[in-house]
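Below, each chain spelled out in residue letters.
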Amino acid sequence: MVYPPKHSKEPPVLERGAIAWIRHNLLSSPFNIAFTILGIAILYMVIPPFIHWAFLDATFVGHSKSDCTGDGACWVFVKEKLNMFMFGFYPQAELYRPKIVIVSLLGLLAFSKFFKGRGVIKLALIIIFPLFAFIMLHGGYFGMPIVETQKWGGLLLTLVIASVGIVLSFPIGILLSLGRQSKLPIIKSLSVFYIEFVRGVPLITVLFMASVVLPLFFPEGVNFDKLARALIGITLFEAAYVAENIRSGFQAIPKGQYEAADALGLGYWQKMGLVILPQAIRITIPNLVGTFISLFKDTSLVMIIGLFDLLAMVTVTANDRDWLGMDTEGYVFVAFVFWIFTFSMSRYSKYLEKKLDTSKGR
Amino acid sequence: MSKELGEPIIEINKVNKWYDEFHVLKDIDLTVKKGEIVVIAGPSGSGKSTLIRCINRLEEYQEGIIKVKGIEVNNDVKNLREIRANVAMVFQHFNLFPHLTILENLTLAPVWVYKKPKKEAIETAMHYLEKVNIADQANKYPNQLSGGQQQRVAIARALCKSPDIMLFDEPTSALDPEMIGEVLDVMINLAQEGKTMVTVTHEMGFARKVADRVIFMDAGQIVEENDPENFFHNPESERLQLFLQQILNH
């Protein structure tokens, strides 16, 4: 008996399209229907008033509080204080410097996106750019007056702390995770102790220690930059979390990968660097980005040691005698800026995951 | 079998190994000569994989001595490097590196460990990929290939460092039945070229066709060894007779 081959046919209409999606996802059971109605009711109560406040009744033009006559938000406040939100107390005359840094950073990102290969150049840029950014922001060279880190603030400070924290905690975290996997008992127990100790302490304590307690141990007259102390604290703190993320990646890698690398004759650093770490990092990308997103938001804690990040600028600007009571506008604006950054980070992580997935054809 | 065999290249002398309390290798004595094809058979848990994994020190042993090309297999870093350069292994689960392309899998060790120029490493890699009939897949990733193709790539990867000895650890056990043939064909070609091979396998057809010697292990010891003709037709020990009945008459 021979059976003739059958052609594939389309699924029935009710299984496709928007109606099918609604039936499956919104109206599949009485419970589900109730939730759908409740959800719509909540959205109806929240969204229209917000739109009225933020857009329809809001004031966009003007220069002072007195221009804000509507019932809605006073975006004039954000517009007038934008430089403070972005750069803190950075001197007006020198604002071109952080602007150059930001523009060149964006240029670099675009460059590395379209410029395939040549890892050496990218690596050089990773090392050269921070130097360039520091010289531009801090000054003291090429006739640029020095701008103390005390005056850095707003989004600029948030970005400096977050990017330094991410870039430096990553390699330290990798070393710690390798240490924790190590067969050498001393290295292993030191790494375990460090990781567990740091994970047992809140970031706010670390910052407080770095800012208040650490200087007590410095000799008389030595004053170590406050921002640098915060950066060291945050980096060392975050490294422990990065290490644990990467360790979870190690555990997902089959023993056969280690054995194949051994059998080919790879030494320890080659095995880890060329075979194990690239896979472990790939597996942990979602977790790593999650850690970095919370680092980005945690930068706000530097407020307690007297650094004025983006969030702290709301308090500063809304305490201005001319703009009293503008806290809501400030917080909404700052929340929006935070959201842009964290959301971009999570989209980028999705993109990376897809790009590095080698199980499907390219 | 009237094949000219060379000097002893693997010498295993009174080797004992324990996993905690479990005595997994018991007084193993085995000498493999250059160019010899040895097949190790036996029920699972008999220690046959453990034995060949001791030869390139993926496993350590506690007593006795193993020498490869006269070099003792021990903790000495220099010895280990020498041995790993001369002994290649093919695994049951292929163990290709999934984040690298086929070509990168093959050139990784030659470029990084044996410091070959990249161009030369690529040429060698392509040569071996052609040999295992898979050169057209060089730029794909391992997970895009079938099991049989992956195992052929793994064999090509093992060959890339021009090893004197090839160890095969159940190379066809994880494959779908219709893919076993293509891998065995590659192995038979290798055997006929005179490469020294030690193979743990259940493929008795392969043993019959190319082995110079077949070894039967059970419960951590070598129970019987013979040329394939006598191994299959005149098994002496009762345990081998039983084993052959089980695997040949199912």
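## Remarks on the overall build of chain B
A tally of helices and strands in chain B yields nine helices and 10 strands. Computed over its C-alpha atoms, the radius of gyration of chain B comes to 18 Å, within 12% of the 18 Å expected for a compact globule of 250 residues. Summarising its shape, the C-alpha atoms of chain B cover approximately 55 × 45 × 40 Å along the three principal directions. Per-residue burial over chain B gives 56% buried out of 250 residues. Element-wise, carbon and sulfur atoms account for 45% of the exposed surface of chain B, whose accessible area totals about 11300 Å². Side chains of chain B carry 28 positive and 36 negative charges; the gap between the two charge centres is 7 Å.

## Details of the interface of chain B and chain A
At the junction of the two partners, chain B supplies 23 residues and chain A supplies 22 residues. A combined buried area of about 2000 Å² lies between chain B and chain A, and 60% of that area is made up of carbon and sulfur atoms. By the criterion of area lost to chain A, the three top residues of chain B are F97, H99 and Y141 of chain B, representing 27% of everything that side buries. One salt bridge in this structure joins E259 of chain A and R53 of chain B, with 2.5 Å as the shortest N-O distance. There are eight residue pairs in polar contact (both at pLDDT 80 or more) connecting chain B and chain A. Within the residue set of the side of chain B that touches chain A, elements represented by two or more residues are β6 (87-90) and α3 (102-112) of chain B. The greatest single-element share of the side of chain B that touches chain A, amounting to three residues, is contributed by α3 of chain B.

## Observations regarding the packing of helix α7 (residues 154-181) of chain A against helix α8 (residues 185-199) of chain A
All names here are of chain A. At a minimum axis distance of 7 Å, the contact between α7 and α8 shows a crossing angle of 125 degrees. By the angle between their axes, α7 is oblique relative to α8. The way α7 lies across α8 gives a crossing that is left-handed. Along the contact surface, α7 presents L176, G179 and R180, while α8 presents I187, K188, S191, V192, Y194, I195 and E196. Classifying every residue of the contact of α7 with α8 by side-chain character gives five nonpolar, two polar and three charged.

## Digging into unusual backbone geometry
Residue and element names in this part refer to chain B. Phi at K115 takes a positive value of approximately 55 degrees, unusual for a residue other than glycine. Structurally, K115 can be placed in the loop between α3 and α4 (118-131). Take K115: its relative accessible area is 60%, and that puts it in the exposed class. Its identity as a non-glycine residue notwithstanding, S162 has a phi of 45 degrees, on the positive side.

## Observations regarding the sheet that holds β6 of chain B
Residue and element names in this part refer to chain B. In spatial order, the strands read β6-β7-β8-β3-β9-β10; together these six strands make up an open sheet with mixed pairing. Of all strands in the sheet, those bounded by a partner on one side alone are β6 and β10 (221-226). Within this sheet the neighbouring strands show an average axis-to-axis angle of 20 degrees, counted without direction. Bridging between strand β7 (residues 165-169) and strand β8 (residues 196-200) involves five bridges; their strand directions are parallel. Paired with D169 across the strands is V200, a residue of β8.

## What to know about the nonpolar core
In terms of nonpolar packing, the biggest core is built from 117 residues, with F85 of chain A together with I12 and I40 of chain B touching the most fellow members. Per element, the largest residue contribution to this core is 13 residues, and it comes from helix α12 (residues 268-298) of chain A. Split by domain, the residues of this core number at least three in each of domain 1 (88-147) and domain 2 (153-355) of chain A. One finds I155, M179, F206 and A211 of chain B within the second-largest nonpolar core, a separate group that totals 50 residues.

## Thoughts on the domain arrangement of chain A
All names here are of chain A. Each assigned domain of chain A is listed with its residue range as follows: domain 1 (88-147) and domain 2 (153-355). Between the C-alpha centres of domain 1 and domain 2 there is a distance of 21 Å. Across the boundary between the two partners, domain 1 contributes six residues, which contact eight residues of domain 2. Both faces combined, the contact of domain 1 with domain 2 buries some 560 Å², and carbon together with sulfur accounts for 82% of it. Of all residues in domain 1, G88, F89 and L137 bury the most surface against domain 2, accounting for 60% of the area lost on that side. Linking domain 1 with domain 2 are zero salt bridges. Where domain 1 packs against domain 2, one counts one residue pair in polar contact (both at pLDDT 80 or more).

## With respect to helix α5 (residues 96-114) of chain A
In an α-helix, one turn spans 3.6 residues; hence positions three or four apart end up facing the same way. All names here are of chain A. Over its 19 residues, α5 extends 27 Å from the first C-alpha to the last, a length consistent with the 27 Å expected when each residue adds 1.5 Å. Within α5, the full set of buried residues consists of R97, P98 and V101. The arc that holds the buried residues of α5, viewed along the axis, is 95 degrees, so those residues lie on one side. In α5, those exposed residues whose orientation departs by more than 90 degrees from the buried face are V103, L106 and F114.

## A short note on the confidence of the model for chain B
All names here are of chain B. Within chain B, residue pLDDT values average 92, and 98% of them lie at 70 or more. The element-level mean pLDDT for chain B is lowest in helix α9 (residues 238-248), coming to 89, with β6 highest at 96. For this predicted complex, the interface score ipTM comes out at 0.93, alongside a pTM of 0.85.

## As for the side chain of E170 of chain B
All names here are of chain B. With respect to the helices and strands, the residue E170 is situated in the loop between β7 and α6 (177-192). Within the structure, the side chain of E170 is placed 2.7 Å from the side chain of S173, a separation counted as a polar contact. With residues near it in sequence (within four places) discarded, E170 still touches K48, S49, Q92, V200 and H202.

Thresholds applied
Residues numbered from 1 in each chain as written. Chains lettered and ligands numbered in written order. Predicted model: local features only at pLDDT ≥ 70, side-chain atom pairs only at ≥ 80, totals over all residues. Heavy atoms only, no water. Helix = DSSP H or I, 4+ residues; strand = E, 2+ residues; numbered from the N terminus. Rg over C-alpha atoms; globule rule 2.2 N^0.38 Å. Buried < 20%, exposed > 50% of the residue type's maximum accessible area, 1.4 Å probe, protein only. Areas by Shrake-Rupley, 256 points an atom, 1.4 Å probe, with all protein chains shown as cover. Lys, Arg positive; Asp, Glu negative; His and termini not counted. Charge placed at Lys NZ, Arg CZ, Asp CG, Glu CD. Contact = heavy atoms within 4.5 Å. Buried area = accessible area lost by both parts, 1.4 Å probe. Salt bridge = Lys/Arg side-chain N within 4 Å of Asp/Glu carboxyl O. Polar contact = N/O pair within 3.5 Å; in protein donor to acceptor, adjacent residues only side chain to side chain. Axes fitted to C-alpha atoms, helices over the stretch in contact; angles between N-to-C directions. Parallel < 35°, antiparallel > 145°, perpendicular 65-115°, else oblique. Left-handed = near helix turned anticlockwise from the far one by under 90°. Nonpolar A, V, L, I, M, F, W, Y, C, P; charged D, E, K, R; others polar. Pairing = 2+ DSSP bridges. Core = buried A, V, L, I, M, F, W, Y, C linked by side-chain atoms within 4.5 Å. Domains from an automatic or database assignment. Expected span 1.5 Å × (residues − 1). Arc of directions from axis to C-beta. pLDDT = per-residue confidence, 0-100.

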